[in-house]
Structure formats: structure tokens, C-alpha cells
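Now for the letters of each chain:
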Amino acid sequence: MTEPLPDFPPSPPKPAPPPATGAFAHSRFHFMSGIPSGQTANVRDDAGAVVLSYRSFASVVGIIAALVAGVVAVAGAAGVLFLLMEKRPIPAAIVLVLSAIFTVVIILLVPRIDVTIYEGPDPALTVSQQSSASFPVATYIVTTIDGKQLARLRKSFFSRFGRNRWTILPPNPHGPRGEAIEESLAQAFLRKIGGKFSPRYQSNVRIRYAGSEAGWIIRRPNETGDVDVLDLAPEAPLDRRVAVALAVLVLGAEP
């Protein structure tokens with residue numbers, strides 16, 4: 001006689017997102033790209049109406065810093081390898097330390113990001129970099145105007161050399177997590193080479209949260225010609241305010 005199977009507890013339900021209101025009630029947000037730093041960048045709905053805005057913080061400084069830091073790191077590694085092959089460990093150690101110091105100093109020169117997202121004339125969200133240092137990981141805090149923390153967005157400096165990857169962390173350590181990552185490594189390298197010359201070489205960013213598909217940040221023109229669009233799944237458990245803040249960082253950080 002077979003033993004009855006034990007009763008297993010049901011799987012916990014997927015978290016429901018906070019009810020979206022006002023400008024954040026939409027599932028699709030159209031962003032402006034290439035706006036000079038300090039000018040207003042508008043975010044529109046599918047009908048073309050402006051629903052949100054923020055002051056552009058696009059800068060080439062981060063791109064140049066990443067390029068120069070990468071060159072210094074590669075040159076330093078090559079110098080260390082050469083000196084080790086020449087059996088000169090002390091000069092190799094000196095080169096290693098100096099290249100590491102110069103790399104970190106270059107990265108520290110990148111200005112800190114602090115941006116306020118407006119709904120009409122009123123501020124709605126703030127996205128603030130936790131510290132001026134972005135090495136090895138930059139952390140951004142998404143908060144409401146009354147100071148309630150919604151999420152932490154983290155990005156490793158080393159993801160610049162492969163697929164850009166953002167980690168979405170809850171304000172408490174036991175909440176659901178997610179990530180936003182470029183669609184493929186090949187497309188990421190194509191973006192690095194030609195993305196600044198034509199949007200057709202850009203790489204889309206896939207958003208997953210709490211184990212489910214949350215949406216996409218569309219950077220490459222799709223079949224309808226849409227580009228620079230945050231397209232969220234209607235039932236995505238991710239707070240849409242956090243998704244908008246993420247898209248602002250992804251689409252607004254580089255000219």
C-alpha cells in the first residue's frame with residue numbers, strides 16, 4: 001500500500017506592484033535622448049502628451065573616463081606580465097599598484113548623478129548616487145519626495161566592458177529583487193562600436209523582477225519605429241516608479 005504524498009505548502013504568490021497613479025499609471029513611456037546637459041528632457045505617453053520630465057545630466061565624462069581607465073588597466077596588466085616574464089617581481093608589483101591607483105582616481109573624477117523627476121511642475125521622484133565613487137559598484141537610491149525609499153539600483157563598473165547590467169534591490173533585505181541587462185553580449189559589443197553613430201546598432205535592455213518578465217527598455221528602433229521606450233508588462237510586479245527611474249539612468253546618462 002503506497003503512502004499518501006505529504007502536503008507541501010503552496011508557493012508564495014508573486015508580489016503585486018503598488019497601485020500606479022497619475023503619470024506612472026502608464027505601461028509605456030517615450031524618452032528623449034541626446035538632450036544637452038542642463039536642459040529639460042520630457043517623457044511622453046503613447047498619445048504624445050508630456051507626463052514626466054527631468055533635467056538632463058547626459059555627459060561624455062563617464063564614457064571618456066571608462067575608456068581611459070580601461071586603457072590604463074590594460075596597459076598596466078601588460079606591463080606587469082612583461083616584468084614578471086623578465087623575472088622582475090618588485091617593478092611588476094610597483095606597476096600593478098600604480099596602475100590600480102590611477103584607474104581608481106580617473107573613475108573618481110566622474111561627477112556624481114543626482115536627478116529629480118517631475119510630474120508637471122511638481123517633483124515626484126529623486127534618483128541620487130549614494131557616493132561620488134562608482135568603482136567598483138555605483139549605487140543609486142530611488143526615493144519619493146517625502147523621503148520614502150523605493151529601491152536601490154546598482155551597476156558594476158566592469159559591466160561597461162561587457163553587457164551593461166543593473167541590479168534592482170528592494171529597500172529591505174527580504175524583498176524581491178530584479179535585474180536589467182542588455183539582450184546579448186554580441187549586441188552589447190555592437191552598441192559600443194556603432195551605437196553612437198546610429199540607433200540601429202543599439203542594444204535593448206531586458207528587465208526581470210521577482211522571477212518574472214517585467215518589460216524592456218527599447219533602444220533600437222522596432223518594427224513600428226519606436227525607440228528609447230520603456231515598455232512594461234501590464235502585470236509586472238515592479239513598481240513603475242522604479243522602472244521609470246531605471247530608464248532615466250539607462251537612457252539619460254549618455255549623450
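Placed above this text is the structure.
In this numbering scheme, every chain counts its residues from 1 along its sequence in written order. Per-residue local features are limited, in this predicted model, to residues with pLDDT of at least 70; the limit for side-chain atom pairs, both in listing and counting, is 80 or more; totals at the level of whole chains, interfaces and linings are taken over all residues. Each side-chain value is worked out from all heavy atoms of the structure, with water and hydrogens disregarded.

Comments concerning the overall build of the protein
- The helix and strand labels rest on DSSP assignments: H or I over at least four residues marks a helix, E over at least two residues marks a strand, and numbering proceeds from the N terminus. Counting secondary structure elements, the protein contains 4 helices and 12 strands.
- With a 1.4 Å probe rolled over the protein chains alone, any residue whose accessible area is under 20% of its type maximum counts as buried; one over 50% counts as exposed, and the rest are partly exposed. Out of the 255 residues belonging to the protein, those deemed buried represent 41%.
- By definition in these notes, contact holds between two residues if any of their heavy atoms fall within 4.5 Å. Contacts in the protein between residues at least 24 apart in sequence constitute 42% of all its contacts with a sequence separation of at least 6.
- As presented, the protein carries roughly 14100 Å² of accessible surface, and 63% of it is formed by carbon and sulfur atoms. Per-residue and other accessible areas were derived by the Shrake-Rupley procedure at a 1.4 Å probe size, with only the shown protein chains allowed to occlude residues.

Looking at the sheet that holds strand E9 (residues 178–182)
- Two strands are counted as paired when DSSP detects at least two bridges linking them. Taken in spatial order, the 12 strands line up as E1-E2-E3-E4-E5-E6-E7-E8-E9-E10-E11-E12 and close into a barrel, and their pairing is antiparallel. Taking the axes of each pair of neighbouring strands and ignoring which way they run, one obtains an average angle of 20 degrees across the sheet. All axes here are fitted lines through C-alpha atoms, helices being fitted over the stretch that makes contact, and every angle between N-to-C directions spans 0 to 180 degrees.

Topic: the pairing of strand E7 (residues 149–156)
- With 7 bridges connecting them, strand E6 (residues 137–144) and E7 associate as antiparallel partners. Bridging from a neighbouring strand, Tyr-140 pairs with Leu-153 of E7.
- Between E6 and the antiparallel strand that follows it, E7, lie 4 residues; Gly-147 among them carries a positive phi value of about 95 degrees.
- As judged from the 4 bridges shared by E7 and strand E8 (residues 165–169), these two strands associate in the antiparallel manner. For Leu-153, the partnering residue across the bridge sits in E8 and is Ile-168.

Examining the nonpolar core
- Ranked by internal contacts, the top residues of the largest apolar core, which has 45 residues, are Phe-31 and Leu-230.
- Element by element, the count of residues in this core is highest for helix H4 (residues 240–252), at 10 residues.
- Once residues lying within four places of it in the same chain are set aside, the contact partners of Phe-31 are Asn-42, Val-43, Tyr-54, Asp-228, Leu-230, Val-244, Ala-247, Val-248 and Leu-251. We call a set of buried Ala, Val, Leu, Ile, Met, Phe, Trp, Tyr and Cys residues a nonpolar core when their side-chain atoms join them within 4.5 Å.

A word on helix H3 (residues 185–194)
- Along H3, the residues classified as buried are Gln-187, Ala-188, Arg-191 and Gly-194. End-on view of H3: buried residues confined to an arc of 155 degrees, all on one side of the axis. Every exposed residue of H3 that faces more than 90 degrees away from the buried side is listed here: Ala-186 and Ile-193.
- Turning to H3, the residues buried within the fold contact E9.
- One side-chain oxygen at the N-terminal end of H3 lies 3.1 Å from the backbone nitrogen of Gln-187; it belongs to Ser-184. Throughout, the arc means the angular range of directions from the helix axis out to the C-beta atoms. For the purposes of these results, a polar contact is taken to be a pair of N or O atoms within 3.5 Å, where, inside protein, one atom must be able to donate a hydrogen and its partner to accept one; residues adjacent in sequence count only when each atom of the pair is a side-chain atom.

Let's talk about unusual backbone geometry
- Phi at Lys-87 is positive, roughly 60 degrees, even though this residue is not glycine.
- Examined against the element boundaries, Lys-87 turns out to sit in the loop between helix H1 (61–85) and helix H2 (89–108).
- In the Ramachandran plot, Ala-210 falls in the positive-phi region, its phi being about 55 degrees despite a non-glycine side chain.
- Looking at the secondary structure, you find Ala-210 in the loop between strand E10 (205–209) and strand E11 (212–218).
- Under the relative-accessibility criterion, Ala-210 is labelled partly exposed at 22%.

Overview of the pattern of salt bridges
- Any carboxyl oxygen of Asp or Glu that lies within 4 Å of a side-chain nitrogen of Lys or Arg is treated as forming a salt bridge with it. Per the counting criterion, the structure on display carries 8 salt bridges.
- A salt bridge links Arg-208 to Glu-213; the nearest nitrogen and oxygen atoms lie 2.8 Å apart.
- Here Arg-208 falls in the partly exposed class, since its relative accessible area comes to 28%.
- Arg-241 serves as the salt-bridge partner of Asp-239, at 2.8 Å between the closest nitrogen and oxygen.
- Taken together, the shared-partner salt bridges connect Arg-28, Asp-46, Asp-226 and Asp-231 into one network.

From the geometry alone we can't say anything about function, so treat these as descriptive.
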